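Tertiary structure, described
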Amino acid sequence: MAIAELQIGTRYEDETLLRGKGRFVDDLHMPGMLHVAFVRSAMAHALIRSIDTAAAKAAPGVKAVLTYADIRPLLTQDRIALAMPSGAIRFVVDPPVLASSETCYVGEPIALVVAESQALAEDAAARVEIDYEPLTAVVDIVAGLAPGAPKARLDCPDNLVAEAVIKYGDVDSAFKRAAHVFSEEFRLHKGGGHSMEPRGILARYDESAESLDVWDSTQMPHRNKAVLVQMLGLHESQVRVVAPEVGGGFGPKAVFHPEELAVPAAAKLLGRILKWTEDRRENFQATVMERDQFWSVAMALDKDGKVLAVKGRLIHDHGACTPYGSSIPQNAATNLIGAYVLPAYEMKVSSCLTNMVPTAATRGAGRPQGTYVMERMLDRAAAIVGISRDEIRSRNLIQASQMPFTTPVAMRDGSMMTYDSGDYPECQKRVLAAAGWADFPARQAAARAKGRWIGIGLSNYVELTGRGPFESASVRIGPSGRILVTSGATAQGQGTKSMLATIVARELGVETSMIDVIVGDTNFSPLGIGAFASRQTVTAGNSVYAAAIEVAQKAKQIASVLLEAAPEDIELRDGVAHVRGVRQMSRSLGDLAKAVNGSIGFALPGGISPGLFAASDFQVAGTPFANGAHVAEVEVDCETGGIELTRYVAIHDCGKVINPQIVEGQVLGAIVHGIGNALFEWMRYDDRGQPLTVTYGDYLLPASDVLPRIELLHMESPSPLNPLGVKGAAEGGTIAAPAAVVSAIEDALKPLGVRVLDLPVTPVRLRALIEAARTASAR
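Treat the numbers as computed from the prediction; the structure is a model and nothing was measured.

To continue, consider the pairing of strand β23 (residues 576-579). Two faces belong to every sheet, and in a regular strand the side chains alternate between them. Inspection of the sheet shows strand β22 (residues 570-573) paired to β23 by 4 bridges, in the antiparallel sense. Note that in β23 the partner of Leu 572 across the bridge is Ala 577. A loop of 2 residues connects β22 with β23, the two strands running antiparallel in sequence, and Asp 574 in this loop sits at a positive phi of about 55°. With antiparallel pairing between neighbouring strands as the criterion, β23 and strand β24 (residues 582-588) make up a hairpin whose turn holds 2 residues, including Gly 581 at a positive phi of roughly 85°.

The structure is reproduced here in C-alpha cells:
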C-alpha cells in the first residue's frame, strides 16, 4: 500500500469518548472497593520525629492507616529502584515508597489512609499528627551548588547530583578569532504537565490466585509492571498492569511515582481492592514537574553573522530525587544546537538536588529551554551584526543538501546526533511568506504612529522523536472476521488507536470499524515500552505495519489455496479476498481465519501454518528528527505590561503524515502549551520551599480568550529510518513557541531597548522591564 494512501480524516476513539463511554481509572468501581488518601509532608525539608496515627485509625469508616514501617516488610528493598543509566549521575537518589525519617519536599507521601469512601479517607488523613524538626530547604539552584550550601538530603554527599560537559570543536580558537562575542543569562521557570485527568490507581490482589491487577493512569504500564515485580518480589506472570483511558499524559505520567507502589502494596497487605484518585492540589504538590533552569551562555560570530561557537553553563533543578536520570538537562543542552550549523560547542551541565517536587519530563522534555536560549541568542546576534533576524538564521541553517547531518554529540546509545532528513531553509521561507513577514515593518510603522506597540517574532526548532529501542504490535483475524490489534503502545488522547487502526485497515482492505484495538495492557502485549518522546507512530506504527503486511500476505496465500488461484492474483478489499477481476470468486477474511484455525483430524489447507496472525517488534535504526518554524505577532500595552497574541503561524514537518487531523490536533495543543510556558505558567515556591501556586487561580493556563486562531502549514520530509517514513509530532509545537512569542514582544518594544530573557513574561515582569528601560533612557 502506498504510504500516501494511509491518510484518513477520522479518529477511531471519538465515538466512545464523545458519548461519555470512556473508562478512566476513576470510572472503575468494584464490589468491596475501599478508597485511599495520602498524608503528605507539610514541610519542604524536615526530619520526621514521630507519626501519630491513633486519631485517624479511630475515625469513622477507616479500615487502616499505614506508614513505611507497615509496608516495608512487603518490599524487596528500601527505595524504589528507578535509576536510569547515565554517566552524568554522581549518585542515585531513588525515592522511598513513604517518607519515614526525612521528608524532602512539600507533598511527599508519608502515610496512607484506607477508608470506606474518599471523603472519609481524606477526613481521617487530616487527623494524622506528624512531629517535624525543620531543616533548611534548598530552593535556589545557583545557591544550592555553592560551597558549603545546606544539603537538600542529609543522606547525600552534596547537592551536585549530576554533571557533564558536552563539548566538540575548538571553542577557544573560535572565540579568539571571532569578530563579535557576547553573553547572556537566562532564568527559566518551573511548570507542569497539567493533564485534564490527574493520576489515579486501582489495585486488586487475589490471594487465591496470587495475582496482582493494577489499573493505572500511566504512560508506561510495562515499566510499572517491572517495578512492581521487582519491588514486591513477584513473578511476571503474577502482575498485570492496565492503562485504561488516560486523560492526558504530557510526560509526568511516564514517571513511576511512590503512590504507584504504595497502593498495590497496601492492597496486597490488606487483601482488599483499593483505589486512589489524585486531586488537583496533590497534582500541584506531588506530581513531577520540569523547567527551573539557569543558563549563562556566550556566542562567537564572524563578521557576516555566521556562528562560530557557543559555550556556557546550565544549572538545572533536579528536584528531590532522580526518577528520570539526567535526560532533561541533556536534552536541553543538545537541543540548543537546533537547526543550525554550530562548528564548536561547550556546555557544562550541572544538576542540583533541591527541596522541590522531583523533576522529570513535561511536553518537550527540556528541548523548549535549549531552543529558547539559542533562538534568543540569535536575535541578539542579529542586532549586533546589523542584519535581520530571519537573515541571521538563513545564514546558519543546515541546508537540505547536507542531510543527513551529523553533529559530534553522543546520544544515549553512544551514536552521534544525526538529523535524518528535512529542508530547514525552505521551512523557514514558507512560514515567513505565510505570515507576511516582509510586509510587517510597514504595518508596524503605521501602528507606532498611532501609539500602538506591535511586534513579530520567529523561531526554528528540531525535535528528536521516535526514541527506541522498540515497540511491540500484533494483528490477528478471528473466524468472526473481526481484527484484533494489540500493542505495547499506550494512549492518552493523542489518537494512538486511530493511528494503529488506520495502518492496519489500509493493508487489509477493511474499514476501521472492523478493527478492535487494545493498547496499554501488559496481558495482551507482554512486551512494550510506552508513550514518551513523540515515539508511538515511529515505533508502534511501523510494528503494526509490518505485522499487517505479514497477515495480508498470509491471507492471500490461504485464499489462493481455497480459490485455486495464484497468491499474486488475490486482492483484499472490503473484508474479503477475491481473485482480481472476478469479484464473485471470494472468501471473507473470517472464512480465511476459520480455515487455518483447524478442525479436529483435518490438515490445514496447503500446509499453511495455524492462525491468521502476525507480531512485530520494530527496532529503530536511528531517531528521526522532526522540525518546524513559528512566527508570532503580539501587541503590548506599555502601561500595564499586558500582552495580546494577535496572530500565530506555524509550519511542521513530521515526515509522512498518517492522519492529518491527529497531527494538527497534536501540533495545536503543543503550541498552546508552549504559549502557556512563555506567558502564563509558573510554579512558584517561597524561600522555605512552600509551593505558592496550587490552584488555577494562581497558576495560569492559556484559555481560548487569549489565543488567536493558529494557522498551520505542513511539509513532508520522509524519514529514511523507518518503512513508513514517519517522525513524531506531539511535542514540536511546544519547543518553538516560547522563543517566537518573546522575540515578538522584544520586537514590539525595540524603540525602548527592552531585553526579555527570563520566562514566563508576566505583565508584572514586563512592566518592570519597560519602566527600567525608560528610566535608563532618561538618564
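Under the counting rule described, the total for this entry stands at 7 aromatic pairs. When the centroid spacing of 5.4 Å and the interplanar angle of 85° are considered together, the rings of Phe 38 and Trp 276 count as edge-to-face. Highlighted residues: Phe 38 in strand β1 (residues 34-40) and Trp 276 in strand β12 (residues 274-277), separated in sequence by 238 residues. Just as Phe 38 is buried, Trp 276 falls in that class too. Through a chain of ring-to-ring contacts, the aromatic side chains of Phe 284, Tyr 696 and Tyr 699 assemble into a single cluster.

On the basis of which strands lie adjacent, the open sheet formed by 4 strands has the order β21-β20-β19-β25 and mixed pairing. The open sheet terminates on both sides in strands that have one partner only, identified here as β21 (515-519) and β25 (612-619). Averaged over all neighbouring strand pairs, the angle between strand axes comes to 15°, with direction disregarded. Across 5 bridges, strand β19 (residues 470-477) lies against strand β20 (residues 483-487) in antiparallel orientation. Of the residues in β20, the one forming a bridge with Ile 477 is Ile 483. Each of β19, β20 and β21 touches helix α15 (residues 496-508); the most contacted strand, β21, lies at about 140° to it. The sheet contacts of helix α16 (residues 536-563) involve β19, β20 and β25, and relative to β25 the element is tilted by about 150°.

This next bit is on the environment of Trp 276. On the basis of relative accessibility, which here comes to 0%, the residue Trp 276 falls in the buried class. Every residue in contact with Trp 276, bar those within four places of it in the chain, is listed here: Val 36, Phe 38, Arg 40, Arg 199, Gly 200, Ile 201, Glu 259, Val 263 and Glu 282.

Turning to the pattern of salt bridges, a few remarks are in order. Note on pairing: side chains with opposite charge can pair once their charged atoms come close. Taken as a whole and judged by the stated rule, the model has 42 salt bridges. In this structure, Glu 259 engages Arg 40 in a salt bridge whose closest nitrogen and oxygen atoms are separated by 2.9 Å. Remark: Arg 40 occurs in strand β1 and Glu 259 occurs in helix α8 (residues 259-270); sequence separation between them is 219 residues. Relative accessible area serves as the criterion here: at 13%, Arg 40 is assigned to the buried category. Here Arg 389 makes a salt bridge to Asp 747, at a shortest N to O gap of 3.4 Å. Highlighted residues: Arg 389 in helix α12 (residues 389-396) and Asp 747 in helix α19 (residues 732-748), separated in sequence by 358 residues. Like Arg 389, the residue Asp 747 is buried in the burial classification.

As a further point, take the packing of helix α18 (residues 660-679) against α19. Contact pair α18 / α19: the axes reach a minimum separation of 7 Å and the direction vectors enclose 45°. The angle between α18 and α19 places the two elements in the oblique class. For the element pair α18 and α19, the recorded crossing hand is right-handed. Here Val 667, Ala 670, Ile 671, His 673, Gly 674, Ile 675, Asn 677, Ala 678 and Leu 679 of α18 come into contact with α19, specifically with Gly 733, Thr 734, Ala 737, Pro 738, Val 741 and Ile 745. Here the contact of α18 with α19 is composed, by residue class, of 10 nonpolar, 5 polar and no charged.

So, about α16. With 28 residues, α16 should cover 40 Å at 1.5 Å per step; its first-to-last C-alpha distance of 38 Å lies within 8% of that length. Where α16 terminates, the next one or two residues include Glu 564, which has phi positive at roughly 55°.

Reading guide: rules and limits
Residues numbered from 1 in each chain as written. Predicted model: local features only at pLDDT ≥ 70, side-chain atom pairs only at ≥ 80, totals over all residues. Heavy atoms only, no water. Pairing = 2+ DSSP bridges. Helix = DSSP H or I, 4+ residues; strand = E, 2+ residues; numbered from the N terminus. Phe/Tyr/Trp six-rings, centres within 6.5 Å; stacked < 30°, edge-to-face > 60°. Buried < 20%, exposed > 50% of the residue type's maximum accessible area, 1.4 Å probe, protein only. Axes fitted to C-alpha atoms, helices over the stretch in contact; angles between N-to-C directions. Contact = heavy atoms within 4.5 Å. Salt bridge = Lys/Arg side-chain N within 4 Å of Asp/Glu carboxyl O. Parallel < 35°, antiparallel > 145°, perpendicular 65-115°, else oblique. Left-handed = near helix turned anticlockwise from the far one by under 90°. Nonpolar A, V, L, I, M, F, W, Y, C, P; charged D, E, K, R; others polar. Expected span 1.5 Å × (residues − 1).

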